[in-house]
Amino acid sequence: MSAKNPKAMSSLQILQYSVKWHHMAHKVSSLLDAYSGLLSNESVILAVNSSFVDPLLQFESQLKIIELSFGMIVVMPSLDKVKEMGSSNEDFEDMENLYHNILNIYENILLTLVSKDLYKLQILKEMLVWMSKDSSYLQERIMVIINKVLRFTVRKVRKYTSVDAPCLGLLAAELSLLCSHEDPSIVQQASLGMCHLLYIAQCQNADIRTNKPTNDKSYSLQFPSSDVEFLPKEFRQDKSKIARRVGQTLLPSLLTDFVWSLLMKLSSPDDKIASDAASILKFTLEFHAEKVIMVSKIVDTIYRQLRDNNCMKDVMLRVITLLTCTSPKKVIFQLMDYSVPADDTLIQMWQAAGSEASVAPHVLKTILLILKGKPGEMEDTLTKGKRFSLDVTNLMPLAASQALCTFLPLGSYKKAVAQFFPQLLMTLMFQVFYSNELKLTPRDNALYAQDALRVLLNCSGLQQVDITLTKVNFWDQLSEELCYYYGVYFIAKTLSEYNFPQFPETLRYLYKLSVEGPRRSEDSVIVVIFLTELLNNFFRDPFPEEFLVLFTNWINDSNPIVSKLILQRIAHMSPVVNKIENVSSILIAILDAFLSKDDTVVLRALITLRRLLNKLDTMTYSLGTRIGSSYCPLMDHINGGIRSMAIRHFGELVRDMRQYTWMLNDVILEGLVPLILFLEDDEERVAKACKYTLKICTSQLKWSTSRFLKDENYSFEMVVLNICNNLPTHFELWMGIKIISHRNYITDLISDTLGFLWSSRTYLKRASVILIGYLAKSGGHLLLRVEIEVMLDVIERLLRDEDPVTKELAEITYDIFKKIANKLTSATLNQNFQKLLKFFYIKKLSPLYNYNSLKDQIDSPTDSKDIKNDKTL
């Protein structure tokens, strides 16, 4: 490297000058000390530069040596003083040469380092920092050295296919400040250095590296062959042009470093430096804020500086405004990531972020995105790596709610608030609910979402709504969790009463939200309440078809509260049910709700269906069979209320369809077993429902069972006996002589009854044993041998039952099957002939058990001691 520098000395020259200057060492000892020190430092740096030391450690060690050498230079006396030490012209010349060679050695060290690694251009930035701390006469000379290194780098990078100089942003910040220096010579050198730096930065651009032409001449910097010919007047004292050019040229990462460095200068004790940095920083962000990255870090730094020190507050808040204009999402997310309640500093930053009307929609969108989160919920879907925790200081949705109290009243946000009214309204309704669920201390449990909701109403021309709600002490009660759902209804009702002008867009948004589906089930409840109340006030029943489709889907929502609300609302539409075009889809959805695991949903579905059927035209009973079949599983529901209601409604369905009884014959037989068995239910309402329904069913089938169902004549066994005596006649009337169908029905009834034999409810076991016995007596001749054997095996196990009454009843039933089995012949022809004869000659059954049910007794083995022996031999 030394050979390429015309002012550099060879080792022989150095030795000659050392001998020559030795005689005047006492006069220029400081120069010789600097000279020898630099020579020593140069050798160390060169040795380290050629080693395999870790690059970071290498740079740090070299920087320390450079700083030490820099210190040696700045303490040297001026050249005029050095000349005064000489006694002859020859001494003058020698001391001047010594002086310049000291500077050349320092320059050579820098050139050597930069020639190997452009990363070490960072040393130049450090030199400028050191220089700013010393008002030495050598400042101009140091700037010349820096420019020579940059000039050398420009020539070097022209030959490179790729350039990597990550320190250019920081170096540009230091040079830009010197372009406004009080000394014109330093300004000239700084401007020249800025030009060199920007050319190097251009070489990092793909267009420069690949020699692609650029159409924008303002982006291109041309360098003449001589520094003297090139006078970069463009940068002298013109902060605007500096900011524009730097922003155009530097890559985003380098421009961010540039902005960051200027931001740090705002707190400089030197007022001029702070002022110049503020001006360049504002110009840069006004022209090129969109290129700045690490926005969140900048915002956080501004917050901490403003909180600790209010110097340059206006500038820092202006930076927030400019960054918000180009990176609203990053700025807002960072501003919401501080503890609540917000302090004065944060509120001022919110105001700064909201000062531009053009970016208001983006700010509100970002806040709405944050408000999709649930306070205290662990989730990372909104931002990568962002999590909400139970720590109050990290509850971003609470901070966003409080921030809306600042943003919404701003004049610049009036248009955006109107645009996003529906989203803000519903989101804040959700947040009020979340806040009520969140268990915070009274000090922390500020009603930010509720406050924001009130601000929204007042900023949207709905002051009267807020006044009305306040008069009834609504806002104080809304914070109570138990009253919240009613609060949602009341807000919707009050808005409707005042015919709020935002109704059309609110309805559209609610529909969109309903179709897409809210994020959480509790949100669905709020949407349903709000939407239903708006529809109630602005539409007559039935609702428009698109909303009925939503209601149909909501009937079987995963949230039982939603299901019940919708079922209740559909029940209110019963007077106009015949005007609904696709009523079948609603009826089918209600039948599906019968399968809900929530008993209250099932009960509400039963009530709703009954209310609709009461008003439904008879001709629309095409789903009668399906409806009847859906009641049957509920007849054995564990919940007594559901059992009794399903049984009673089944009877009402049969009654309503009395003109179409033939459609329900199969369904009646399907429900016959539970209707009979639950006559013995411990719950009186269930037993009464069975009597009520059996009267209707047997009446429709023209059976003479009704008289045995009256309370004064009631006998369970006589009811069973009567029904079984009517079965053969029933089949004959229905189907003529169809032995196979008759057999199928008998086996189906027996099969249905078998399912109750192992019930934990004693009354069901007893009733099942009796019913199976009579069914066997009535149609046993139609059973196959294998079926008889299975039944014997099943009944035999009941002979060991803990309940004595069940055991005695089982013995009678077992004997019945045993006799049937003994009468069966092995010849298939004889067996079929017997069945045919018995089908024609039906013998009426007589009582077999003489069973007296005592439903007031407790179902337990010990109860049997109070039961008389019902068995008659």
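Residues numbered from 1 in each chain as written. Predicted model: local features only at pLDDT ≥ 70, side-chain atom pairs only at ≥ 80, totals over all residues. Heavy atoms only, no water.

Chemist: Which residues make up the overall build of the protein, and what values go with them?
Modeler: Along the protein, the regular secondary structure elements total 42 helices and zero strands. In the protein, which comprises 873 residues, the share counted as buried stands at 54%. Taking as baseline every contact in the protein between residues at least 6 positions apart, the subset at least 24 positions apart corresponds to 74%. Total accessible area on the protein is roughly 39,500 Å²; 52% of this is exposed by carbon and sulfur atoms. (Helix = DSSP H or I, 4+ residues; strand = E, 2+ residues; numbered from the N terminus. Buried < 20%, exposed > 50% of the residue type's maximum accessible area, 1.4 Å probe, protein only. Contact = heavy atoms within 4.5 Å. Areas by Shrake-Rupley, 256 points an atom, 1.4 Å probe, with all protein chains shown as cover.)

Chemist: Tell me what's going on with the environment of Leu587, and back it up with residues and numbers.
Modeler: Within the secondary structure layout, Leu587 lies in helix α30 (residues 583–593). Along the chain, Leu587 and Leu613 lie 26 residues apart, while their C-alpha atoms are 9.3 Å from each other. If sequence neighbours within four positions are ignored, Leu587 has contacts with Leu609, Leu612, Leu616 and Leu623.

Chemist: Account for the side chain of Lys120, with residues named and values stated.
Modeler: Along the chain, Lys120 falls in the loop between α5 (89–116) and α6 (122–132). Overall, the relative accessible area of 3% leaves Lys120 in the buried class. For Lys120, the contacting residues outside a window of four places in its chain are Asn49, Gln58, Phe59, Gln62, Leu113 and Val114.

Chemist: So what about the pattern of salt bridges? Which residues, and what values?
Modeler: Scanning the model with the defined rule gives 25 salt bridges in all. Taking the shortest distance from any N to any O, the salt bridge between Glu286 and Arg318 comes out at 3.8 Å. In this pair, Glu286 sits in helix α13 (residues 271–288) while Arg318 sits in helix α15 (residues 313–326), placing the two residues 32 residues apart along the sequence. What makes Glu286 partly exposed here is its relative accessible area of 40%. Measuring nitrogen to oxygen at the nearest pair gives 3.1 Å for the salt bridge that ties Lys512 to Glu516. Of this pair, Lys512 and Glu516 both sit in helix α26 (residues 503–516), separated by four residues, roughly a single helical turn. Of the residues examined, Lys512 reaches a relative accessible area of 43% and is grouped as partly exposed. Classification of Glu516 by relative accessible area gives exposed; the value is 55%. (Salt bridge = Lys/Arg side-chain N within 4 Å of Asp/Glu carboxyl O.)

Chemist: Please provide a residue-by-residue account of the confidence of the model for the protein, values included.
Modeler: The pLDDT averaged across the protein works out to 81; a share of 81% of its residues lies at or above 70. Throughout residues 380–393 the model reports pLDDT below 50, and contacts reaching past four residues in sequence, or to other chains, amount to 35 contacts. This stretch, residues 732–740, has a pLDDT under 50; its non-local contacts, to residues over four places away or in other chains, come to 13 contacts. (pLDDT = per-residue confidence, 0-100.)

Chemist: Now, about helix α2 (residues 29–49): what can you tell me, with residues and values included?
Modeler: Spanning 21 residues, α2 covers 30 Å between terminal C-alpha atoms, matching the ideal 30 Å at 1.5 Å per step. Regarding α2, the residues found buried are Leu31, Leu32, Ala34, Tyr35, Gly37, Leu38, Asn41, Glu42, Ile45, Val48 and Asn49. (Expected span 1.5 Å × (residues − 1).)

Chemist: Talk me through helix α34 (residues 661–677); I want residue IDs and the actual numbers.
Modeler: Its 17 residues place the ends of α34 23 Å apart at the C-alpha level, agreeing with the 24 Å of an ideal helix rising 1.5 Å per residue. Most pronounced at Gly671, the bend in α34 amounts to some 40 degrees, and the proline Pro674 follows within four residues. Along α34, 13 of the 17 residues are buried, which leaves the element largely enclosed by surrounding structure. (Bend = angle between axes of the 7 residues up to and from the residue.)

Chemist: Residues and numbers for the side chain of Gln431, please.
Modeler: When you line up the elements, Gln431 lands in helix α21 (residues 421–437). Not counting the four nearest positions on each side in its chain, Gln431 is found in contact with Leu371, Gly373, Pro375, Pro397, Ser401 and Ala449.

Chemist: Give a description of a negative patch on the surface that names residues and reports values.
Modeler: A cluster of acidic residues, Asp666, Glu670, Asp748 and Asp752, forms a negative patch at the surface. Only α34 and α38 (739–754) provide two or more residues apiece to the negative patch. Relative to the helices and strands, Asp666 resides in helix α34. On the basis of relative accessibility, which here comes to 48%, the residue Asp666 falls in the partly exposed class. (Patch = residues over 30% accessible without salt bridge, like charges linked within 9 Å, V, L, I, M, F, W, Y side chains within 5 Å. Lys, Arg positive; Asp, Glu negative; His and termini not counted. Charge placed at Lys NZ, Arg CZ, Asp CG, Glu CD.)

Chemist: Could you give an account of a nonpolar patch on the surface, naming the residues involved and the relevant values?
Modeler: A contiguous nonpolar surface patch, about 240 Å² in accessible area, is contributed by Leu784, Val786 and Val790. Mapped onto the elements, Leu784 comes out in the loop between α39 (762–779) and α40 (785–798). Look at Leu784 and you get partly exposed, because its relative accessible area is 36%.

Chemist: Provide a residue-level description of the packing of α6 against helix α8 (residues 168–178), including the pertinent values.
Modeler: Interhelical geometry of α6 versus α8 gives an angle of 40 degrees and a closest axis separation of 8 Å. Where α6 crosses over α8, the two elements pack in a sense that is left-handed. Here Leu124, Lys125, Leu128, Val129 and Met131 of α6 come into contact with α8, specifically with Leu170, Leu171, Glu174, Leu175 and Leu178. A per-class count over the contact of α6 with α8 returns eight nonpolar, no polar and two charged. (Axes fitted to C-alpha atoms, helices over the stretch in contact; angles between N-to-C directions. Left-handed = near helix turned anticlockwise from the far one by under 90°. Nonpolar A, V, L, I, M, F, W, Y, C, P; charged D, E, K, R; others polar.)

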